[in-house]
Structures are given as structure tokens and as C-alpha cells.
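Report on the structure
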There are 2 protein chains.
Amino acid sequence: MRNHAIILPMSTDLIQRLRAAGYKITPPRLAVIEVIQREGEHLNPQEILEQAQALHAQTGRATVYRTLELLTQLGIVRPIYVGDNGPTYIRADGAHHHLVCSRCGRIVEFDACAADSMGCELESRFGFHITSHLLEFYGICPQCQTSDASQSQ
Amino acid sequence: MRNHAIILPMSTDLIQRLRAAGYKITPPRLAVIEVIQREGEHLNPQEILEQAQALHAQTGRATVYRTLELLTQLGIVRPIYVGDNGPTYIRADGAHHHLVCSRCGRIVEFDACAADSMGCELESRFGFHITSHLLEFYGICPQCQTSDASQSQ
DNA sequence: ATCACAAATGAGAATAATTCTCATTAAAGC
DNA sequence: GCTTTAATGAGAATTATTCTCATTTGTGAT
Ligand SMILES: [Mn+2]
Ligand SMILES: [Mn+2]
Ligand SMILES: [Zn+2]
Ligand SMILES: [Zn+2]
């Protein structure tokens, strides 16, 4: 049983953060981190499991859930919910912005965000150290506005 | 079988919206709407079922899920996720703002929000008709900053 | 390099959450 | 009141998540 060396230029600083917090650096954890670093967007636990297994075949489902919980606690990832499809995970650095149509579920992503400046004010007001945010606007998309407005879907 | 008249001063305009969209006004729907109107915050499907049954005893679980889906489509309610506790539902008018601690999960609610003004710009930029938003900041709360920062929980 | 030990893991069982099925009921329009 | 058809409730079925526990494996100390 020599093997299982994932040959990854893995983001060293995340490893440091894990180690600093007293957690062991294990192949499944490296795999999950790598998957989320790489893809970064909207992967659910099942998809993360599958992609992690591509890197470390023995990875188990429970471990993926445990790792996601851990990484969430450490503020490295964050669950994000689009539609009613259960949680997906994204990197918890930076910001994430959605325009969500209540009627059809279409999602538009956008970048610029006034919330960035709000962060500072909130830090002093509430004493939080803010590391990321999520801003979602809900409404009706252009396509749904033209189609008969009283009929859902 | 005469009965089951829920004696509610139920918000007439929501009834209109349901009817206008071609849906029937039924006791379970009235009950669910009433529950969410009344409480407004952070109720999960189970809690909504229980409170709805207090208004209309026969209300079934599946109907609650179906009604929440419908009301979400109509933009009347919206799922909101705090921590890993699964969805809860709030009214989808107005805005909702959270400060969330990545470490302990504490949530601080706040009001003032620069996002309100962003809405207008986004409406013209993307053609969305925006009805509500959710803005969540993630970070570390004051309590967790003082306690040993490297240890989770 | 070997060792000791607690932390971490994986398999599968157990549980919880959500959706589906289908026979029955009851709103809405006439 | 009658008809039509959407909506409902009970429970089964399915999915998602968590738990259990025997085994493995990082890690820090020899
Ligand atoms: Mn996105
Ligand atoms: Mn809230
Ligand atoms: Zn739409
Ligand atoms: Zn905290």
C-alpha cells in the first residue's frame, strides 16, 4: 500500500489553514478541496463525491459530507442554494451575485456590487470580521415578463 | 360536511393573485398563507405543516410542500437557508439581511441596505422586474474572534 | 524508520426529508 | 345542483443526510 499520492500542486495556503486549525491532511480532504478550488461553482455533494473519487478512488460519501461541514466551519467553502435543488458549494472567498427569476428559476450572474462597500461599515457596526457575501435579487426575468404573466412556468 | 370555514381576515390581495393566476382558493392554501403571513420568519416545512394544521386540521404534508412550491413560483414566499438546517420560508416581499458567522453559525439581522438602490440599476441593466432580495455577509462574529481562533466551534 | 495514539475513514445501516401515486374530494363556473 | 378538473391526503417510495463502528492512517515523538 505505498501509493495514493495525489499529484497536486494543491493550494498550499489552504493546507496551512487546515493544519493550523489542528486537522490532518488526508487524501479525501485534499481531493475535496481540489475539486472545489478547481470548479468553484455550484457543485452538490454528489457531484463533489464523484469528482473527488476521480482523484482518490476510495473516497466515501460520509467523508465528503464531513469534509464539507469542516470546510464550511473554517470559512473555506459555503453552501449556496439555487432553486429547490438542495445545497451546492462554492469557495467562500469573494462574493457571489445572483438575479433569480421567481417564475422560471433562470439565474443571471452579475459582478459589480455595492455590497462590497457595505462590508466595511458592518464590520465596525457589528464587530464581525467579514470574509464574503452573497447577494441575491428575486423577481421576474424578461422572458417571463413577455410570456403570459398570470401563468406560472 | 358543512364546516371547515377558516374564519380569517386573510390578506385579500394574495387571494386575488392566486385566483388571477388560475389557482383555486382552498383551505390548505389559505392556512399555509396565513401561517407565513403571520409568522413571516424562518419556518421550515414541518413547522408550517403543524401551524397550518392548527388552522385546518386535515392539512397534509404533501400539500404543504406543494403549496410552498406554488407560492415560491408566484414570488409570494421564498426559501431561505440558515446553517445546514434545510430550507425555511419567508415572505418574498421586501428584503432580508443576515450577518452569518462561519464558525458558530450565529446570525445577526440588520436592516439598512445599499442593495435597495442597486435594484433599480439591475432592473434596467438586465430587464428583470425585481421584487425582493437577500443579502448575506459571512465572516467571524465577535464572540468567535475572542475565543481561540484556530479551534472550530 | 519505527511506534503509539487519536483522528479520520469507508461501508453500510439508520434516519430524515422530500416526492410520488392514486383514489377521493371539493372549488369554480355554469 | 351539476360537471369538470384541479387539488387533496394517506401512505408508499425515493432521496438525501447522518450515524455506527471496525479499520486505517496522519502526526509527533522516539
Ligand atoms: Mn452562481
Ligand atoms: Mn432572518
Ligand atoms: Zn423567468
Ligand atoms: Zn461566531
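Preceding block: the structure.
The structure reproduced in this document is the subject of the present report.

Here is what the cut-offs are and how they apply
- Residues numbered from 1 in each chain as written.
- Chains lettered and ligands numbered in written order.
- Predicted model: local features only at pLDDT ≥ 70, side-chain atom pairs only at ≥ 80, totals over all residues.
- Heavy atoms only, no water.
- Donors = N, O, S within 2.8 Å, 3.2 Å for Na, K, Ca; no water.
- Tetrahedral: all angles 85-135°; square planar, octahedral: opposite > 155°, others 65-115°.
- Buried < 20%, exposed > 50% of the residue type's maximum accessible area, 1.4 Å probe, protein only.
- Core = buried A, V, L, I, M, F, W, Y, C linked by side-chain atoms within 4.5 Å.
- Helix = DSSP H or I, 4+ residues; strand = E, 2+ residues; numbered from the N terminus.
- Contact = heavy atoms within 4.5 Å.
- Phe/Tyr/Trp six-rings, centres within 6.5 Å; stacked < 30°, edge-to-face > 60°.
- Buried area = accessible area lost by both parts, 1.4 Å probe.
- Polar contact = N/O pair within 3.5 Å; in protein donor to acceptor, adjacent residues only side chain to side chain.
- Nonpolar A, V, L, I, M, F, W, Y, C, P; charged D, E, K, R; others polar.
- Pairing = 2+ DSSP bridges.
- Near = heavy atom within 4 Å.

1. Notes on the coordination of the zinc ion (ligand 4)
Residues and elements named next belong to chain B.
- Those donors, Cys101 (SG), Cys104 (SG), Cys141 (SG) and Cys144 (SG), are the protein atoms that reach the zinc ion (ligand 4), and they lie 2.3 Å from it.
- Classification of the site at the zinc ion (ligand 4) as tetrahedral follows from its four donor atoms and the range of 104 to 113 degrees in their angles at the metal.
- Overall, the relative accessible area of 1% leaves Cys141 in the buried class.

2. Here's the deal with the nonpolar core
- Counting 28 residues, the largest nonpolar core has Leu135 and Phe137 of chain A together with Leu135 and Phe137 of chain B as its most contacted members.
- Among the elements of the structure, strand E3 (95–101), helix H5 (115–126) and strand E5 (129–140) of chain A together with strand E3 (95–101), helix H5 (115–126) and strand E5 (129–140) of chain B are those that each provide at least two residues to this core.
- Aside from chain neighbours lying at most four places away, what touches Leu135 of chain B is Ala115, Met118, His133, Leu134 and Leu135 of chain A together with His96, His97, His98, Cys113 and Ala115 of chain B.

3. Regarding the side chain of Ser102 of chain B
- Along the chain, the position of Ser102 of chain B falls in the loop between E3 and strand E4 (107–109).
- Setting aside anything within four residues of it in sequence, one finds Ser102 of chain B in contact with Thr72, Gln73 and Gly75 of chain A together with Tyr138, Gly139 and Ile140 of chain B.

4. Examining the packing of aromatic side chains
- One pass over the structure, following the stated rule, counts five aromatic pairs over all chains.
- With 3.4 Å between their ring centres and 5 degrees between their planes, Tyr81 of chain A and Tyr81 of chain B make a pair best called stacked. With Tyr81 of chain A in strand E1 (residues 77–81) and Tyr81 of chain B in strand E1 (residues 77–81), the pair connects residues from two separate chains.
- Given a relative accessible area of 16%, Tyr81 of chain A falls into the buried group.
- Centre to centre, the rings of Phe110 of chain A and Phe126 of chain B are 6.4 Å apart; their planes meet at 50 degrees, and the pair counts as tilted.

5. Section: the coordination of the manganese ion (ligand 2)
Residue and element names in this part refer to chain B.
- Protein-derived coordination of the manganese ion (ligand 2) comes from His42 (NE2), His96 (NE2), His98 (NE2) and Glu109 (OE), at a distance range of 2.2 to 2.4 Å.
- Read in sequence order, the donor residues coordinating the manganese ion (ligand 2) give the pattern H-x53-H-x1-H-x10-E. Of this pair, His42 sits in the loop between helix H2 (27–39) and helix H3 (45–55) while Glu109 sits in strand E4, and the two are 67 residues apart along the sequence.
- The exposure class of His42 is partly exposed, given its relative accessible area of 25%.
- Residue Glu109 is classed as partly exposed on the basis of its relative accessible area, which comes to 43%.

6. Here's the deal with the interface of chain B and chain A
- Taken residue by residue, the interface counts 49 residues in chain B and 49 residues in chain A.
- Of all residues in chain B, the largest losses of buried area upon contact with chain A belong to Gln73, Phe128 and Tyr138 of chain B, amounting jointly to 18% of the total for that side.
- For the pair chain B and chain A, the interface holds 12 residue pairs in polar contact (both at pLDDT 80 or more).
- If one sorts the elements of the side of chain B that touches chain A by residue count, E5 of chain B sits on top with 12 residues.
- Of the residues belonging to the side of chain B that touches chain A, the class tally is 26 nonpolar, 17 polar and six charged.
- As paired strands, E5 of chain A and E5 of chain B are joined by 11 bridges and run antiparallel to one another.

7. Comments concerning the protein's contact with DNA strand C
- Neighbouring residues of DNA strand C: 23 residues in total, closest Thr26, Thr63 and Arg66 of chain A together with Ile25 and Tyr65 of chain B.
- Considering DNA strand C, the proportion of its atoms within 4 Å of the protein that are sugar or phosphate atoms stands at 67%.
- With respect to DNA strand C, the backbone of Ile25 of chain B contributes an N or O atom lying 2.9 Å from a phosphate oxygen.
- Among the elements of the structure, helix H2 (27–39) and helix H4 (61–73) of chain A together with helix H4 (61–73) of chain B are those that each provide at least two residues to the surface near DNA strand C.
- With four residues, the top contributor of residues to the surface near DNA strand C is H4 of chain B.
- A per-class count over the surface near DNA strand C returns nine nonpolar, seven polar and seven charged.

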